[in-house]
Amino acid sequence: MPRTLLLKNADILVTMDEERREVRKGGLYAEDGFIKQVGPSDDLPVDAETVIDATGQIVLPGLVNTHHHLNQTLTRNLPAAQNNNLFPWLQAHYRIWARTHPEASRASALIGLAELALSGCTTVFDHSYLFQSGNKVDYLIEAARDLGVRFHASRGSMSLGESKGGLPPDECVEDEKDILDDTIRVIDRYHDAGDGAMTRIVVAPCSPFSVSEDLLRESALLARDKGVMLHTHLCETLDEEHYTQKRFKKRPVEWMADLDWVGEDVWFAHAIHVNDGEIQLFANTGCGAAHCPCSNMRLASGIAPVKKYMAAGVKVGLGVDGSASNDGSNMLSEVRQAMLLARLNLGLLPMEDTDGTPRLPPSHPSRAGEWMTAREALELATLGGASVLGRSDIGSLETGKCADFFTLDLNTLQFAGGLHDPVAAVVFCSPQASRTTVVNGKVLVSDGQIVTLDIDRVIEDHNRMSLELASGR
Ligand code: ZN
């Protein structure tokens with residue numbers, strides 16, 4: 001007998017399908033984690049093993065987080081790192097992160113993943129790159145399995161310490177052979193390339209200023225040999241651009257392209273400081289971008305040219321990043337910030353074009369397409385994220401796709417007065433917690449509570465370890 005789930009009576013069900021249907025009194029029916037039918041509730045089977053009545057709620061496809069560092073929930077809001085940009089911010093954290101032991105790693109993953117699930121996120125990419133003090137990718141994967149979220153784990157890395165011209169302290173980096181051996185181990189053990197995969201592995205060296213050229217080349221060869229994706233931070237700050245210009249006489253994108261780090265299997269976190277030619281290179285080669293607006297504002301990194309990426313056909317997803325540079329893991333909040341930051345960027349454009357032609361005001365009808373809409377922001381977080389992670393089985397609610405979705409109550413304080421357009425209210429109004437989150441056809445959040453484990457106990461343990469790690473105990 002298949003495992004069945006029926007969702008019915010949603011005030012609105014947002015499909016994100018080809019026609020972008022928004023179905024009134026909608027629902028879906030799923031078997032063994034895959035959607036069999038989507039549409040008006042009256043057309044669906046009448047019963048199932050799990051039945052969710054979404055009366056008074058809006059249903060959306062599960063959100064996809066394309067960039068995060070779950071272990072950093074242990075160092076949110078560190079006083080020494082509250083008011084600085086990326087390089088000094090990293091230097092304030094490296095040694096503390098290197099003390100992350102297995103128990104702390106598991107607890108921080110559960111904290112970050114639970115917060116994400118409560119904000120409608122059902123697929124998470126985690127970019128961990130510090131594996132000292134016994135920490136292993138395995139602990140993060142186990143946490144994701146116990147909670148029940150779809151998880152893309154990176155076997156990230158840092159190999160270039162200060163003495164070799166890198167940014168991290170020497171004691172925080174690993175030997176390159178150890179990195180590659182462990183990467184092969186986790187791919188062979190965990191990577192599932194199939195439809196509906198709950199676990200995938202990504203090869204993800206940390207950044208241009210913390211790994212060697214050799215490791216970047218070897219990582220690309222390994223990923224292609226194993227058929228897994230490649231990820232790193234790129235063009236996050238002007239400091240990084242100065243670093244590659246000084247060290248390699250190249251801009252970051254040019255340098256990565258020379259190392260064979262472009263293609264459909266590559267996506268970059270941030271991708272803020274790019275020129276028009278580099279945007280076109282991403283479009284032509286299929287590189288994706290993980291846009292992390294909260295982190296970019298928190299660290300004064302800059303504003304990614306997201307509307308330009310979209311216009312050029314570059315794949316763009318959203319990421320909460322952090323958690324120490326956010327300092328939250330709320331995907332709905334990220335969707336809202338993505339829309340707001342794109343609008344701020346529009347308002348900051350000079351009154352004249354580069355050739356001296358006066359620009360029309362942003363509200364002129366001819367510039368309507370430059371405004372990021374609420375539905376576009378939701379699309380980045382669903383279909384956009386799915387394409388960035390190389391998945392065609394998530395990101396929309398359609399027959400044959402994964403049964404990953406979340407619901408929000410509509411008759412709430414946050415949405416009061418904003419229900420003229422309930423879909424847009426999800427982005428324009430203050431983010432609220434998910435009422436129900438379902439991944440792979442299984443309920444993970446019910447009545448606004450995590451139901452797969454006792455998260456209150458995890459919070460207690462996590463906070464104790466957070467204080468211990470920061471104080472060096
Ligand atoms: Zn990051």
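Residues numbered from 1 in each chain as written. Predicted model: local features only at pLDDT ≥ 70, side-chain atom pairs only at ≥ 80, totals over all residues. Heavy atoms only, no water.

Comments concerning the overall build of the chain
Turning to step 1, where the next piece is worked out: When helices and strands are counted, the chain shows 14 helices and 17 strands.
Turning to step 2, where the next piece is worked out: For a compact globule of 473 residues, the expected C-alpha radius of gyration is about 23 Å, and the chain comes in at 22 Å, within 12% of that figure.
Turning to step 3, where the next piece is worked out: A principal-axis box enclosing the C-alpha atoms of the chain has dimensions of 65 × 60 × 45 Å.
Turning to step 4, where the next piece is worked out: A total of 473 residues make up the chain; the buried ones form 59% of that total.
Turning to step 5, where the next piece is worked out: Counting contacts in the chain only where the partners sit at least 6 residues apart, residues at least 24 apart contribute 75% of the total.
Turning to step 6, where the next piece is worked out: Counting every atom, the chain has about 18200 Å² of accessible surface; 50% of that belongs to carbon and sulfur. (Helix = DSSP H or I, 4+ residues; strand = E, 2+ residues; numbered from the N terminus. Rg over C-alpha atoms; globule rule 2.2 N^0.38 Å. Buried < 20%, exposed > 50% of the residue type's maximum accessible area, 1.4 Å probe, protein only. Contact = heavy atoms within 4.5 Å. Areas by Shrake-Rupley, 256 points an atom, 1.4 Å probe, with all protein chains shown as cover.)

Some details on the coordination of the zinc ion
Turning to step 1, where the next piece is worked out: The protein atoms donating to the zinc ion are His 67 (NE2), His 69 (NE2), His 233 (NE2) and Asp 321 (OD), with metal-donor distances spanning 2.1 to 2.5 Å.
Turning to step 2, where the next piece is worked out: Coordination geometry of the zinc ion: the four donor atoms subtend angles of 88 to 175 degrees at the metal centre, consistent with an arrangement described as irregular.
Turning to step 3, where the next piece is worked out: Site description for the zinc ion: donor spacing in sequence, H-x1-H-x163-H-x87-D. Of this pair, His 69 sits in the loop between strand 6 (63-65) and helix 1 (86-98) while His 233 sits in strand 10 (residues 229-234), and the two are 164 residues apart along the sequence. Comparing His 69 with His 233 shows no difference in burial state: the two are buried. (Donors = N, O, S within 2.8 Å, 3.2 Å for Na, K, Ca; no water. Tetrahedral: all angles 85-135°; square planar, octahedral: opposite > 155°, others 65-115°.)

Section: the environment of Lys 177
Turning to step 1, where the next piece is worked out: You can see Lys 177 is positioned in helix 4 (residues 176-190).
Turning to step 2, where the next piece is worked out: Linking Lys 177 and Leu 444, residues 267 residues apart in sequence, is a C-alpha distance of 39 Å.
Turning to step 3, where the next piece is worked out: For Lys 177, the side chain forms a polar contact with the side chain of Asp 181, separated by 2.7 Å. (Polar contact = N/O pair within 3.5 Å; in protein donor to acceptor, adjacent residues only side chain to side chain.)

Brief notes about the pattern of salt bridges
Turning to step 1, where the next piece is worked out: Summed over all chains, the structure comprises 35 salt bridges.
Turning to step 2, where the next piece is worked out: Among the ionic pairs, Glu 376 bridges to Lys 307, the shortest N-O distance being 3.0 Å. Residue Glu 376 is found in helix 12 (residues 374-388), and its partner Lys 307 is found in helix 10 (residues 306-312); the two are separated by 69 residues along the sequence.
Turning to step 3, where the next piece is worked out: Accessibility expressed as a relative area gives 24% for Glu 376, which makes it partly exposed.
Turning to step 4, where the next piece is worked out: Under the relative-accessibility criterion, Lys 307 is labelled buried at 18%.
Turning to step 5, where the next piece is worked out: Taken together, the shared-partner salt bridges in this structure form one network comprising Asp 138, Arg 155, Glu 174, Asp 182, Arg 185 and Arg 189. (Salt bridge = Lys/Arg side-chain N within 4 Å of Asp/Glu carboxyl O.)

Details of the domain arrangement of the chain
Turning to step 1, where the next piece is worked out: Split into domains, the chain comes out as domain 1 (4-61 + 393-450) and domain 2 (63-386).
Turning to step 2, where the next piece is worked out: Domain 1 puts 36 residues into the contact, and the matching count from domain 2 is 33 residues.
Turning to step 3, where the next piece is worked out: Of the roughly 2700 Å² buried where domain 1 meets domain 2, counting both sides, 67% is carbon and sulfur surface.
Turning to step 4, where the next piece is worked out: The interface formed by domain 1 and domain 2 includes four salt bridges.
Turning to step 5, where the next piece is worked out: Across the pair Arg 150 and Asp 404 runs a salt bridge whose closest N-O atoms are separated by 2.7 Å. (Domains from an automatic or database assignment. Buried area = accessible area lost by both parts, 1.4 Å probe.)

A word on the packing of aromatic side chains
Turning to step 1, where the next piece is worked out: In this structure the tally under the stated criterion is nine aromatic pairs.
Turning to step 2, where the next piece is worked out: Taken together, a centroid distance of 6.1 Å and an interplanar angle of 25 degrees make the contact between Phe 282 and Tyr 309 stacked. Of the two residues, Phe 282 sits in helix 8 (residues 276-285) while Tyr 309 sits in helix 10, which places them 27 residues apart along the sequence.
Turning to step 3, where the next piece is worked out: Overall, the relative accessible area of 1% leaves Phe 282 in the buried class.
Turning to step 4, where the next piece is worked out: Residue Tyr 309 is classed as buried on the basis of its relative accessible area of 1%.
Turning to step 5, where the next piece is worked out: Here the aromatic residues Trp 89, Tyr 94, Trp 97 and Tyr 129 are joined through ring pairs into a cluster of three or more. (Phe/Tyr/Trp six-rings, centres within 6.5 Å; stacked < 30°, edge-to-face > 60°.)

Details of the layout of surface pockets
Turning to step 1, where the next piece is worked out: Reported here for the largest pocket is a volume of approximately 440 Å³.
Turning to step 2, where the next piece is worked out: In terms of lining residues, the largest pocket is bounded by 18 residues, among which Pro 305, Lys 307, Lys 308, Asn 345 and Leu 349 are the most central.
Turning to step 3, where the next piece is worked out: Sorting the residues of the lining of the largest pocket by element identifies helix 8, helix 10 and helix 11 (331-348) as the ones contributing at least two each.
Turning to step 4, where the next piece is worked out: For the lining of the largest pocket, the element with the most residues is helix 10, which contributes four residues.
Turning to step 5, where the next piece is worked out: A breakdown of the residues in the lining of the largest pocket according to their chemical character gives eleven nonpolar, three polar and four charged. (1 Å grid on protein atoms, 1.4 Å probe; cavity = no way out; pocket = protein on both sides within 12 Å on 5 of 7 lines; lining within 4 Å. Points joined across faces, edges and corners; volume = space filled by probe spheres on them. Nonpolar A, V, L, I, M, F, W, Y, C, P; charged D, E, K, R; others polar.)

Comments concerning empty space enclosed by the protein
Turning to step 1, where the next piece is worked out: Summed over the entire model, instances satisfying the criterion amount to three cavities of 30 Å³ or more.
Turning to step 2, where the next piece is worked out: Lining the largest cavity are 17 residues, with Leu 86, Trp 89, Leu 90, His 233 and Glu 236 positioned closest to its centre.
Turning to step 3, where the next piece is worked out: For the lining of the largest cavity, the element with the most residues is helix 1, which contributes three residues.
Turning to step 4, where the next piece is worked out: For the lining of the largest cavity, the per-class residue count stands at seven nonpolar, eight polar and two charged.
Turning to step 5, where the next piece is worked out: The volume enclosed by the second largest cavity comes to roughly 100 Å³.

Remarks on the packing of helix 11 against helix 12
Turning to step 1, where the next piece is worked out: Close contact between helix 11 and helix 12 brings their axes to 9 Å; oriented N to C, the two are set at 130 degrees. By the criterion of interaxial angle, the relationship of helix 11 to helix 12 is oblique. In the crossing of helix 11 with helix 12, the sense of the turn from one axis to the other is right-handed. In this structure, helix 11 contributes Met 331, Val 335 and Met 339 to the contact, and helix 12 contributes Ala 374, Ala 377, Leu 378 and Ala 381.
Turning to step 2, where the next piece is worked out: Residues of the contact of helix 11 with helix 12, tallied by class, amount to seven nonpolar, no polar and no charged. (Axes fitted to C-alpha atoms, helices over the stretch in contact; angles between N-to-C directions. Parallel < 35°, antiparallel > 145°, perpendicular 65-115°, else oblique. Left-handed = near helix turned anticlockwise from the far one by under 90°.)

Details of the pairing of strand 10
Turning to step 1, where the next piece is worked out: Along strand 10, six of the six residues are buried, which leaves the element largely enclosed by surrounding structure.
Turning to step 2, where the next piece is worked out: Every second residue of strand 10 is oriented toward a common face, with Met 229, His 231 and His 233 on one face and Leu 230, Thr 232 and Leu 234 on the other, all of them buried.
Turning to step 3, where the next piece is worked out: Bridging between strand 10 and strand 11 (residues 266-270) involves five bridges; their strand directions are parallel. Each bridged residue has a counterpart across the sheet, and for Thr 232 the counterpart in strand 11 is Phe 268. (Pairing = 2+ DSSP bridges.)

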